[in-house]
Amino acid sequence: SSGINAEYGGVWGYYSLADQGTFNKKSCEAVPGICDRIEDAKFPHLDKVYVSLLYPESATWSHTAPDNTKLSVILPVAGSTKLRIADTTVVISEDTVVIDPSFEKEFVNEEQDAAVVLVISVAHPGTI
């Protein structure tokens, strides 16, 4: 995958459930109940929703969003992964994390199990 850091290698992928606030019915059928729960939560100005999978001993390249018009709500589903944002590293394993994706970031999974997170992208409140 083009998003993989060559230093670590491994596999990273994502499965899109919604884009520009519109859910893909066929994709949602693959994860029963998830899309309904997100719609019921009524996230303001919903943009993208996807499941991100980072295989064991894998890492993404450092990357940024093109601007700071969105926030990413990251919910752990399975496993544990490290998220480095600028000079700060947090472990995503139980708690929800909200980030401004315009900051440089990378995900690293040094564990023996795959890490799965659900990412919900919404408009940054300062841009509404």
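Look above for the structure.
Our subject in this report is the structure included herewith.

Conventions we followed
Residues numbered from 1 in each chain as written. Predicted model: local features only at pLDDT ≥ 70, side-chain atom pairs only at ≥ 80, totals over all residues. Heavy atoms only, no water. Helix = DSSP H or I, 4+ residues; strand = E, 2+ residues; numbered from the N terminus. Polar contact = N/O pair within 3.5 Å; in protein donor to acceptor, adjacent residues only side chain to side chain. Contact = heavy atoms within 4.5 Å. Buried < 20%, exposed > 50% of the residue type's maximum accessible area, 1.4 Å probe, protein only. Pairing = 2+ DSSP bridges. Disulfide = S-S within 2.5 Å. 1 Å grid on protein atoms, 1.4 Å probe; cavity = no way out; pocket = protein on both sides within 12 Å on 5 of 7 lines; lining within 4 Å. Points joined across faces, edges and corners; volume = space filled by probe spheres on them. Nonpolar A, V, L, I, M, F, W, Y, C, P; charged D, E, K, R; others polar.

With that settled, consider the side chain of R84. Inspection of the secondary structure puts R84 in strand β6 (residues 81-85). Among the polar contacts listed, one links the side chain of R84 to the backbone oxygen of A86, at a separation of 2.7 Å. Aside from chain neighbours lying at most four places away, what touches R84 is S62, T89, E104, K105 and E106.

On to the pairing of β6, then. A large share of β6 lies buried, amounting to four of its five residues. The hairpin formed by β6 and strand β7 (residues 88-92) contains two residues between the paired strands, and A86 there has a positive phi angle of roughly 55 degrees.

Under the definition given, this model contains one disulfide. Here C28 is linked by a disulfide to C35, with a sulfur-sulfur distance of 2.0 Å. Between C28 and C35, the S-S dihedral sits near -85 degrees, and the bridge is therefore left-handed. Neither residue differs from the other here; C28 and C35 are each classed as buried.

Taken as a whole, the largest pocket encloses approximately 610 Å³ of empty space. Surrounding the largest pocket, 31 residues form its lining, K48, Y50, H63, S72 and V119 being those nearest its centre. Elements supplying a minimum of two residues to the lining of the largest pocket: β1 (12-19), β3 (46-54), β5 (70-78), β9 (105-109) and β10 (115-123). Of the residues contributing to the lining of the largest pocket, the split by class is 16 nonpolar, nine polar and six charged.

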